[in-house]
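Fold and contact review
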Amino acid sequence: MTSLRLAAILMAGFALLLLLTVMVPQRRTIGDAEFLDLLDRNDTVAFALETLGLGSVATSPPFFAVVAFLLLVLICVIIDRFGVTLRRIRFRPPSEQTLLLRAEKAATSIGQAPKNWSKSAKAVLEGFGFAAAPVGSQAVWAVKHRYAILGFPVFHVSFLLIFAGGVQIYLTRSVAAVRVVEGQAFQTEQAFVVRQPLWGALPKLSLFVEQVNVQHEEGEVVHLGATISGNAGRQELWVNHPARFAATSILVTGAGLSPELWIQDKEGFTADRVAIVVNAKGGDSTTISLVDGITELTLAPLPLEKPLPSRDELAGNPVSIVGRYANAQPVAGILKTGERLPVGDLVVVLDDLRYWVALRIVTERGGGWLIAGFFLAVVGLIWRLVWFRREVAVTVKDQTVEIWGRSELYTHRFDVELEAIAEVLRKELATAAEEKNS
Amino acid sequence: MTALFAAFFWTTLVFYALAVGAQVFGEVFDKPRWAGIGHILAGIGLVVHTVLVGWRWAISGHVPTIGNFENALFGAWFIVVMTLWAGRKRRYPLLAAGALPFALLIMGGGAMSDTAIRPMVASLKSFWLYIHIFFAWLAYGAYTVACGAGIAYLTKNRKKTDTPAETLNRLDELMFRSTVFGFITDTVMIAAGSIWAKDLWGSYWSWDPVETWSLLSWLVYGIALHLRITLGWRGRRLAWLVVLAIIGVLISFWGVNLVMEGSSHVFNVG
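Residues numbered from 1 in each chain as written. Chains lettered and ligands numbered in written order. Predicted model: local features only at pLDDT ≥ 70, side-chain atom pairs only at ≥ 80, totals over all residues. Heavy atoms only, no water.

1. With respect to helix α2 (residues 33-60) of chain B
Relative to the 40 Å expected for 28 residues at 1.5 Å per residue, α2 of chain B spans 41 Å between its end C-alpha atoms, a close match to the ideal helical length. Gly-61 of chain B lies just past α2 of chain B and shows a positive phi near 80°. (Helix = DSSP H or I, 4+ residues; strand = E, 2+ residues; numbered from the N terminus. Expected span 1.5 Å × (residues − 1).)

2. Focus on the packing of aromatic side chains
Applying the stated criterion across every chain yields a total of 27 aromatic pairs over all chains. With 5.9 Å between their ring centres and 85° between their planes, Trp-205 of chain B and Trp-207 of chain B make a pair best called edge-to-face. For Trp-207 of chain B, a relative accessible area of 14% puts it in the buried group. Within the aromatic cluster, the residues linked to one another by ring pairs are Trp-57, Phe-74, Trp-77, Phe-78, Phe-134, Phe-135 and Trp-137 of chain B. Here Arg-88 of chain B stacks its cationic end above the ring of Trp-85 of chain B, 3.9 Å away from the centre of that ring. Geometry around Tyr-410 of chain A places Arg-177 of chain B over its ring, the cationic atom sitting 6.0 Å from the centre. (Phe/Tyr/Trp six-rings, centres within 6.5 Å; stacked < 30°, edge-to-face > 60°. Buried < 20%, exposed > 50% of the residue type's maximum accessible area, 1.4 Å probe, protein only. Lys NZ or Arg CZ within 6 Å of the ring centre and 35° of its normal.)

3. Concerning the pairing of strand β13 (residues 286-290) of chain A
A regular strand places its side chains on the two faces of the sheet in alternate fashion. Residues and elements named next belong to chain A. Of the two faces of β13, only the one carrying Thr-286, Ile-288 and Leu-290 is buried; Thr-287 and Ser-289 on the other face are not. Two elements, β13 and strand β14 (residues 295-299), share five bridges in a ladder whose sense is antiparallel. Looking across to β14, one finds that Ile-288 is bridged to Leu-297. Counting the residues between successive antiparallel strands, the hairpin from β13 to β14 contains four residues, one of them, Val-291, with a positive phi of roughly 55°. (Pairing = 2+ DSSP bridges.)

4. Details of the environment of Thr-155 of chain B
Residues and elements named next belong to chain B. By the element assignment, Thr-155 lies in helix α5 (residues 127-156). With relative accessibility at 22%, the residue Thr-155 sits in the partly exposed group. Between the C-alpha atom of Thr-155 and that of Tyr-92, which follows or precedes it by 63 residues, the distance is 12 Å.

5. Observations concerning the packing of helix α8 (residues 151-172) of chain A against helix α9 (residues 367-385) of chain A
Any two packed helices are characterised by how steeply their axes cross, that is the angle between the axes, and by the distance between the axes. Residues and elements named next belong to chain A. Packing of α8 against α9 leaves a shortest axis separation of 7 Å and a crossing angle of 165°. Our classification of the angle between α8 and α9 gives roughly antiparallel. Our pair here, α8 against α9, has a crossing hand that is left-handed. Of the residues that constitute the contact of α8 with α9, the class distribution is 16 nonpolar, eight polar and one charged. (Axes fitted to C-alpha atoms, helices over the stretch in contact; angles between N-to-C directions. Parallel < 35°, antiparallel > 145°, perpendicular 65-115°, else oblique. Left-handed = near helix turned anticlockwise from the far one by under 90°. Nonpolar A, V, L, I, M, F, W, Y, C, P; charged D, E, K, R; others polar.)

Scope: geometric values only; no functional claims are made or implied.
Following this line, the structure appears as structure tokens:
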């Protein structure tokens, strides 16, 4: 279970699954309608996408199996290497005999060994940032960044945190969508549920949309937000800056215009009032029943030249209405703010044109684990890959000082460092030898 | 773009192309001096390129990050800066020849996109944009340097050449160090993008094609690091790996939006 080959095979398998996720049409990417259309076209395609699960790779059993197996291997590797890691971070030099044997294979001669050669060697190595200690009478051993290896478990443990966060999010995530006219209240429980949580319930918030905020720049909409309030407090939300109420985020996803219609009888008394969410050009018409079903109104998509006019420009936009009173013939009209359309015994008045805002209500838990995992991953990578463990040994053989070293990573860079250490040590030893002679 | 801006733009490309040509010429005709000339030409091109980036920044009023053209302009700048910095001591012959073609490719592709200046739209008005984009460019620049070093290594390591082992070792180490740097910055990029996605779309991860390709690319480089650190892959094997791995980077940055629908990644804001 701790074999690198197994880990490599699993990583390659995971990579293959990721490749399938981008090469094969996925339901969540292309949308339900287009996905179902694909299934209808061809039985083989339907078999591959639906039966084999290739249309939802990220939530398919093979995907979960590979991820679970990878994490299992990861846990086994971390546990397996725990002892080795602990041993390697201790400052524990090898035996003198081991150092001398290694020196025979790879050492570079520096010069003659004066009396206090080991003291000089220790001082030079410590000057280069190593932790050094004499080993017996013929060797000095030094190590630098011996804690660098801790970066390995830190980085790999981060995957466990990310996985835990991902699982918790998957189980607790709920998504709902609602369109609310400014000046209206809404309950999150009454929103259209896009995704039910597998654990827990939908959030219960009562909120009121005070105002929709639209920012224009050179005639284009450059920002969109809303001000909402309720028993949970008052917040301003914008695209990229959702409102947060505990584990629930409320995001702005769109906006449009909403005619406010008054239905009056012949005496001028108001029989009904409503603000209707109407689509923009290209969308569907909106049909509603008013006055206990007596009147049916159909509002066509608004023929706006710009997607969302500024508040100053709202009043001038026309609204196309087709009204039917009881079983009478429908009556059509195009109204601007303040204008009236008789529909049978009633009169439809366009009182105002306001904004509506589309909100996405997302509740989930586990994001904290995810972010902690990201942080640990970066820390672990820097720890493991930027600081690297290296050892240097200075030994004496036949009155000749020799130096050798080894590095986990960046061998060329270490060779340059070793040459520099050797050069400094050579000068130190030469100076010590001169002092002795004088 | 205006005629003057276009003139600067094409001047930059010309200098980069000349730099590549000089280094290739020096390699083919065994004239080592031309490697240094290529480096100088790339440096001149970078000066003009820097003026372009600053110019675009000044007239647009925002960091050049909106749309394929601005991303290409600024991203290629990072590639060239990192290539020249890595090769500053002239110890890596052919490095510019290996890496700069990617800058040329990206800038050329960007020039074919809509170059109009657009206001910063709502979906990009986030502090996380700068972190995500900055680390993305660092990562892709580093991967490109690794690829360039890989190409240089493979060229120098042919049977009929007598390239010193010292040169090959340096190139090998540059491949590895660039990959390490790219991997670390790639990790930050993905993490920052995920946190940003939560604010923008309400979800840390949506299996968006660009997201998935970037994860796939990250995984490939992770496998490369494993092979190097644990199995000791170096030399030609590592070189081929980093040269082929750049394909994933090019696809995730460029190719996905060209051939696939369904991505919410706003590279090209309309």
